[in-house]
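Structure assessment
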Amino acid sequence: MASRLLLLALLAVACCSAIASDPGLLQDFCVADKMSKVNVNGFACKDAENVTVEDFVFSGLHIAGNTTNKQGSAVTAANVAQIPGLNTMGISMVRIDYAPKGLNPPHIHPRATEILTVLEGSLYVGFVTSIPGSRLISKVLRKGDVFVFPKALVHFQFNYGTENAVAIAALSSQNPGVITVANAVFGSDPLISDDIVSKAFQVDKKTVDWIQAQFN
């Protein structure tokens, strides 16, 4: 009886692991065939005979992103869209540049945990736990410090300093996705009804209209 329970427990763990990450590899690689009409969870595999070294290379993370925008930050991604060889690998990277007072605004990655390290400058970072609680877990990071943002939790980074900051992050998905909270709530297409947003945020409709105008 005990052995059967142990077997069931192991199967449950295996099943949970199987559905908690990107599709797993069953061969050396599965380079994304972005021209394929096959609809799968990810990308279909390119014929191995047509794979080249360029499918596994991306150049650009040494180049600073353009931070002349409202948020004062720029994200340079290196995921399956830029590196076809990442297909089914379950990992990707980003470079994030921050101007002084620059913000990577509150957002989530629906498909990935993120681990971030500061290369230059310092950052105030944090994430918010789920309900009940909604606890803010935050810290000031300096050069060389590492911080983990759990999968699908709202998180942010802010350069409170007077110098530029740079960070590199790895994510546990070939295509982690990103949902910026403010854009999703106030800049959806079509817009979420004023009645819904004003009630959710406990503000009047004129305030909602003004905020929505900033995103449209």
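Here, every reference points to the structure presented above.
Keep in mind the model is a prediction, meaning the values are calculated, not measured.

Comments concerning the state of the cysteines
This structure, assessed with the given rule, holds one disulfide. Each sulfur of the disulfide joining Cys 30 and Cys 45 lies 1.9 Å from the other. What sets the handedness of the Cys 30 and Cys 45 disulfide is the S-S torsion sign, and at about -105° it is left-handed. Within this pair, whereas Cys 30 is found in the loop between helix H1 (2-19) and strand E1 (73-78), its partner Cys 45 is found in the loop between H1 and E1, the two being separated by 15 residues in sequence.

Here's the deal with the nonpolar core
Grouped together as the largest cluster of nonpolar side chains are 17 residues, with contacts concentrated most on Tyr 98, Leu 116, Leu 123, Val 125, Leu 141, Phe 147 and Phe 149. Of all elements in the fold, only strand E2 (92-98), strand E4 (114-120), strand E5 (122-128), strand E7 (146-149) and strand E9 (165-171) reach the threshold of two or more residues within this core. It is E9 that provides the largest number of residues to this core, a total of four residues. In this view, Tyr 98 contacts Thr 67, Gly 72, Ser 73, Asn 104, Leu 116, Leu 123, Gln 157, Asn 159, Asn 164, Ala 165, Val 166 and Ala 167; residues no more than four positions away in its chain are not counted. Counting residues in each nonpolar core, the second largest holds five residues, with Ala 32, Val 80, Ile 83 and Leu 86 among its members.

Details of the packing of aromatic side chains
A complete count under the given rule lists six aromatic pairs for this structure. Each ring, one from Phe 127 and one from Phe 147, has its centre 6.1 Å from the other, and the planes form 55°; the classification is tilted. Remark: Phe 147 occurs in strand E7 and Phe 127 occurs in strand E5; sequence separation between them is 20 residues. Phe 147 carries the same exposure label as Phe 127, and that label is buried. Between Phe 186 and Phe 201 the ring centres are 5.3 Å apart and the planes differ by 45°, which places this aromatic pair in the tilted class. Pair noted here: Phe 186 is in helix H2 (residues 181-186) and Phe 201 is in helix H3 (residues 194-201), with a separation of 15 residues, a long-range link. Among the aromatic residues, those joined into a cluster by ring pairs are Phe 127, Phe 147 and Phe 149.

Remarks on H3
Its side-chain oxygen placed 3.2 Å from the backbone nitrogen of Asp 195, Ser 193 serves as the N-cap of H3. Where H3 terminates, the next one or two residues include Gln 202, which has phi positive at roughly 55°.

Concerning the pairing of strand E3 (residues 103-108)
The side chains of a regular strand alternate, first on one face of the sheet and then on the other. Where E3 and strand E8 (residues 155-158) come together, three bridges link them in antiparallel fashion. Paired with His 107 across the strands is His 155, a residue of E8. In this structure, E3 lies alongside strand E10 (residues 179-180), joined through two bridges in antiparallel fashion. Counted as the bridge partner of His 107 is Thr 180 from E10.

Let's talk about the sheet that holds E3
On the basis of which strands lie adjacent, the open sheet formed by five strands has the order E6-E5-E8-E3-E10 and antiparallel pairing. At either margin of the open sheet sits one strand with a lone partner, and together these are strand E6 (136-142) and E10. Pairing of E5 with E8, which is carried by four bridges, proceeds in the antiparallel orientation. Paired with Phe 127 across the strands is His 155, a residue of E8.

Things to note about the pattern of salt bridges
Within the structure shown, the criterion is met by four salt bridges. Between Lys 143 and Glu 120 there is a salt bridge, with its nearest N and O atoms 3.7 Å apart. Of this pair, Lys 143 sits in the loop between E6 and E7 while Glu 120 sits in strand E4, placing them 23 residues apart in sequence. The class for Glu 120 is partly exposed, based on a relative accessible area of 40%.

Cut-offs and rules
- Residues numbered from 1 in each chain as written.
- Predicted model: local features only at pLDDT ≥ 70, side-chain atom pairs only at ≥ 80, totals over all residues.
- Heavy atoms only, no water.
- Disulfide = S-S within 2.5 Å.
- Helix = DSSP H or I, 4+ residues; strand = E, 2+ residues; numbered from the N terminus.
- Core = buried A, V, L, I, M, F, W, Y, C linked by side-chain atoms within 4.5 Å.
- Buried < 20%, exposed > 50% of the residue type's maximum accessible area, 1.4 Å probe, protein only.
- Contact = heavy atoms within 4.5 Å.
- Phe/Tyr/Trp six-rings, centres within 6.5 Å; stacked < 30°, edge-to-face > 60°.
- Polar contact = N/O pair within 3.5 Å; in protein donor to acceptor, adjacent residues only side chain to side chain.
- Pairing = 2+ DSSP bridges.
- Salt bridge = Lys/Arg side-chain N within 4 Å of Asp/Glu carboxyl O.

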